Amino acid sequence: MTADPRRSLPAVGTLLELGGVRRLLASAPRDLVTDVVRSVIEHARQAATPAPIDDAEWVRAIEAALVQRQRSTLRRVINATGVVLHTNLGRAPLATAALDAVRVVAQGFSTLEYDVVTGTRGSRHVHCTALLTELTGAEDALVVNNCAAALVLSLNTFADGRDAIISRGELVEIGGSFRVPDIMAKSGARLVEVGTTNRTHTDDYRRALSTRTGALVSVHRSNFTLEGFVASVPVRDLVPIAAEGGVPLLHDFGSGLLLDLSPWGLTGEPSARDAVKAGASLVMMSGDKMLGGPQAGIIVGKADLIGALRRNPLARALRVDKLTLAALEATLALYRDPAHAVTAIPALAMLTTPVMALEARASNLVAMLSANGVPSRVARVARTEATVGGGAFPGARIPSAAITLDVASPELLEAKLRGGMVPVVARITDGKVILDLRSVCPELDDELGALVARALA
Ligand SMILES: *Cc1c(COP(=O)(O)O)cnc(C)c1O
């Protein structure tokens, strides 16, 4: 092999001639392999770790780098965090009915904007509208890209260059990239803050009303609770104030809960129907939180206001695609039979599974690991607490079951689980790796067991 005289690194052409590398060309384009070879050499030049010492090592390094390069960046993972609606892990998994609907619509052409009765152009806004009004009791509905878009569109339509009145207790951050004040500012609305962080009263809103007022805004405290010396104004008490000002009341409701989950111990969150009943002009929510569907922003409310939203040119920029509409329509349709929805919508099924069932699954997994030679002092069944996530039921601690892995280096094991072919996302508590089963689909248990056994081997 001809080597770089200074660094004793081979030339690109030399490595491309190796039998093992030539074999890679059978399944990958030459330009890609060449680029990967170049990057492996560059890596060896710079890395602190020793460069490959022989041809076989070079081939292995190139093959590994090629696999890495060809792998999608968007990959499936197993969510063993116990956070069911994990924003970083894609929030709600879709129901089978939603997946089927996406496939059917994506595979060919569809009635996205076509009216088969008249044979003329239709509107994409008709999809999901009837289901949404039926399920929430609202007059009309519009679907946009996400709840953030719903808020921007609503504010821009009714409060561009005007005042949007909001309580200081609701200027919240929902996730790293969603801060209510920033979103409001981008909509063109002038933020008028009233009240204090912990207490806001009806009079605070009333005093802020003026001829410049465009809208009253109420934001649901999705991801935190406020306790102690606190006061806030419920939506129903804001309704008369908005009417006095002759402006719409915009309610950023967030979670999109469509069912009463109190029989399963999840209490304290209003449903979308309750939110509509409270009387806001428009209620906004996410499609991929408690609703259990695709990422979407759902706006329901008064027909004339929804009409105004549709006519705003921004609605075009924030519109959803056919895949989202297909998945959302199929998910919403499941709610017509609530008992079925709870088992057919994965997020709801996960949240309502009895803890006994999770414990049984955890025992099976421990037995499976034991059969693979994992000692019983390493893998155990434990009671844990899971959370809903996704900015809903912030205080809820749901009884759950997990397998705990007690090893010398939990950090190393956690990283190994994350680094496998199918990453397993776990957490470390009290020096143990915890795999919470509430956020794992039961169909994945065998695969999870195999991945854990491999990481422990
Ligand atoms: C989650 C949430 C949002 C953001 O929703 P996206 O669909 O992620 O844009 C906005 N407002 C509230 C109250 C929320 O809970």
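### So, the packing of helix H7 (residues 147-159) against helix H12 (residues 303-311)
Following both chains from N to C, one finds H7 and H12 inclined at 100 degrees, their axes separated by 10 Å at the closest point. Taken together, the axes of H7 and H12 are roughly perpendicular relative to one another. Facing H7, whose interface residues are Leu153, Ser154, Thr157 and Phe158, H12 presents Leu305, Ala308 and Leu309. The residue inventory of the contact of H7 with H12, partitioned by class, reads five nonpolar, two polar and no charged.

### As for the side chain of histidine 86
Its place among the elements puts histidine 86 in the loop between strand S2 (83-85) and helix H5 (96-107). Of the residues examined, histidine 86 reaches a relative accessible area of 18% and is grouped as buried. Ignoring sequence-local partners within four residues, the contact set of histidine 86 consists of Asn79, Thr81 and Arg91.

### Here's the deal with the nonpolar core
Among the nonpolar cores identified, the biggest contains 61 residues, and Leu216, Met290, Val300, Leu332, Tyr335 and Val388 are the most heavily contacted of them. Once you skip the residues sitting within four places of it in the chain, valine 300 turns out to touch Leu132, Thr136, Ala138, Asp140, Ala141, Val276, Ser281, Leu282, Val283, Met285 and Ile306.

### Re the domain arrangement of the protein
Per the domain assignment, the segments making up the protein are domain 1 (9-70), domain 2 (78-87 + 349-456) and domain 3 (95-344). Inter-centroid distance (C-alpha atoms) of domain 1 to domain 2 is 37 Å.

### Some points on the sheet that holds strand S11 (residues 249-254)
Strand order in the open sheet formed by seven strands is S5-S13-S12-S11-S10-S6-S9, and the pairing between neighbours is mixed. Each of the sheet's edge strands pairs with one partner strand only, and the pair in question is strand S5 (140-144) and strand S9 (190-194). Here the strands of the sheet are splayed against their neighbours by 25 degrees on average, with no regard to which way each runs. As paired elements, strand S6 (residues 163-167) and S9 share five bridges and run parallel to each other. Within S9, the position partnered with isoleucine 165 by the bridge is valine 192. Of the strands in this sheet, S5, strand S12 (282-286) and strand S13 (297-301) touch helix H6 (residues 129-136), which is tilted by about 120 degrees from S5. Packed on one face of the sheet, H12 meets S5, S12 and S13 and runs near 30 degrees to S5.

### Section: the site of the ligand
The full set of residues close to the ligand is Arg91, Asn146, Cys147, Ala148, Ile174, Phe178, His220, Ser222, Asp252, Gly254, Ser286 and Lys289. Within the side chain of serine 286, an N or O atom sits 2.7 Å from an oxygen atom of the ligand. In this structure, lysine 289 approaches the ligand through a side-chain N or O atom, which is 2.7 Å from an oxygen atom. Protein contact buries 95% of the 380 Å² of open area that the ligand shows by itself.

### Focus: helix H17 (residues 355-371)
Taking 1.5 Å of rise per residue, 17 residues should cover 24 Å, and H17 covers 24 Å from first to last C-alpha, within 8% of that figure. Within H17, the full set of buried residues consists of Val355, Leu358, Arg361, Ala362, Leu365, Val366 and Leu369. For H17, the buried positions fall inside an angular range of 140 degrees around the axis, keeping them on one side. Projecting away from the buried face of H17 at angles above 90 degrees are the exposed residues Met356, Asn364 and Ala371. Looking at the buried positions of H17, the neighbouring elements they touch are strand S14 (379-389), strand S15 (398-405) and helix H19 (445-456). In the segment just after H17, glycine 373 is the residue with positive phi, at about 90 degrees.

### Looking at the sheet that holds S2
In space, the five strands of this open sheet follow the order S2-S14-S15-S18-S17, with mixed pairing throughout. Whereas interior strands pair on both sides, the edge strands pair on one side only; in this sheet they are S2 and strand S17 (427-429). Across the sheet, the mean angle separating the axes of adjacent strands is 45 degrees when strand polarity is ignored. Relative to strand S18 (residues 432-436), S17 runs antiparallel, the two sharing three bridges. Residue pairing across strands places arginine 427 opposite isoleucine 434, the latter belonging to S18. In the packing of H17 onto the sheet, contacts are made with S14 and S15, and the angle to S15 comes to roughly 5 degrees.

### Regarding a nonpolar patch on the surface
Taken together, the side chains of Tyr114, Val116 and Val117 define a hydrophobic patch exposed on the protein surface, amounting to about 350 Å² of accessible area. Inspection of the secondary structure puts tyrosine 114 in strand S3 (residues 114-115).

### Notes on unusual backbone geometry
You will see that arginine 91, though not glycine, has its phi angle at about 55 degrees, which is positive. You can see arginine 91 is positioned in the loop between S2 and H5. Note on arginine 91: relative accessible area 21%, which makes it partly exposed. Although it is not a glycine, aspartate 430 sits at a positive phi angle of roughly 50 degrees. Assignment of secondary structure puts aspartate 430 in the loop between S17 and S18. A relative accessible area of 72% means that aspartate 430 is categorised as exposed.

### Description of the side chain of asparagine 312
Of note, asparagine 312 is situated in the loop between H12 and helix H13 (313-317). With relative accessibility at 10%, the residue asparagine 312 sits in the buried group. A distance of 2.8 Å separates a polar atom in the side chain of asparagine 312 from the backbone nitrogen of leucine 314. Among all residues touching asparagine 312, those that are not within four sequence positions of it are Leu153, Asn156 and Thr157.

### Looking at the packing of aromatic side chains
On inspection of all chains with the given rule, the structure shows zero aromatic pairs. For the cation-ring pair, arginine 199 lies above phenylalanine 229, with the distance from its terminal atom to the ring centre recorded as 3.8 Å.

### Notes on the pairing of S11
A large share of S11 lies buried, amounting to six of its six residues. Going residue by residue along S11, you find Leu249, His251 and Phe253 tucked away on one face and Leu250, Asp252 and Gly254 tucked away on the opposite face as well. Bridge count between strand S10 (residues 213-219) and S11: four bridges; the pairing is parallel. Bridge assignment links leucine 216 to a residue of S11, and that residue is leucine 249. Pairing analysis gives four bridges linking S11 to S12, with the strands arranged parallel. Each bridged residue has a counterpart across the sheet, and for histidine 251 the counterpart in S12 is valine 283. Following the backbone out of S11, through helix H11 (residues 272-277) and into the adjacent parallel S12, one traces a crossover that is right-handed.

About the thresholds
Residues numbered from 1 in each chain as written. Predicted model: local features only at pLDDT ≥ 70, side-chain atom pairs only at ≥ 80, totals over all residues. Heavy atoms only, no water. Axes fitted to C-alpha atoms, helices over the stretch in contact; angles between N-to-C directions. Helix = DSSP H or I, 4+ residues; strand = E, 2+ residues; numbered from the N terminus. Parallel < 35°, antiparallel > 145°, perpendicular 65-115°, else oblique. Contact = heavy atoms within 4.5 Å. Nonpolar A, V, L, I, M, F, W, Y, C, P; charged D, E, K, R; others polar. Buried < 20%, exposed > 50% of the residue type's maximum accessible area, 1.4 Å probe, protein only. Core = buried A, V, L, I, M, F, W, Y, C linked by side-chain atoms within 4.5 Å. Domains from an automatic or database assignment. Pairing = 2+ DSSP bridges. Near = heavy atom within 4 Å. Polar contact = N/O pair within 3.5 Å; in protein donor to acceptor, adjacent residues only side chain to side chain. Areas by Shrake-Rupley, 256 points an atom, 1.4 Å probe, with all protein chains shown as cover. Expected span 1.5 Å × (residues − 1). Arc of directions from axis to C-beta. Patch = residues over 30% accessible without salt bridge, like charges linked within 9 Å, V, L, I, M, F, W, Y side chains within 5 Å. Salt bridge = Lys/Arg side-chain N within 4 Å of Asp/Glu carboxyl O. Phe/Tyr/Trp six-rings, centres within 6.5 Å; stacked < 30°, edge-to-face > 60°. Lys NZ or Arg CZ within 6 Å of the ring centre and 35° of its normal. Right-handed = clockwise from strand over helix to strand, strands pointing away.

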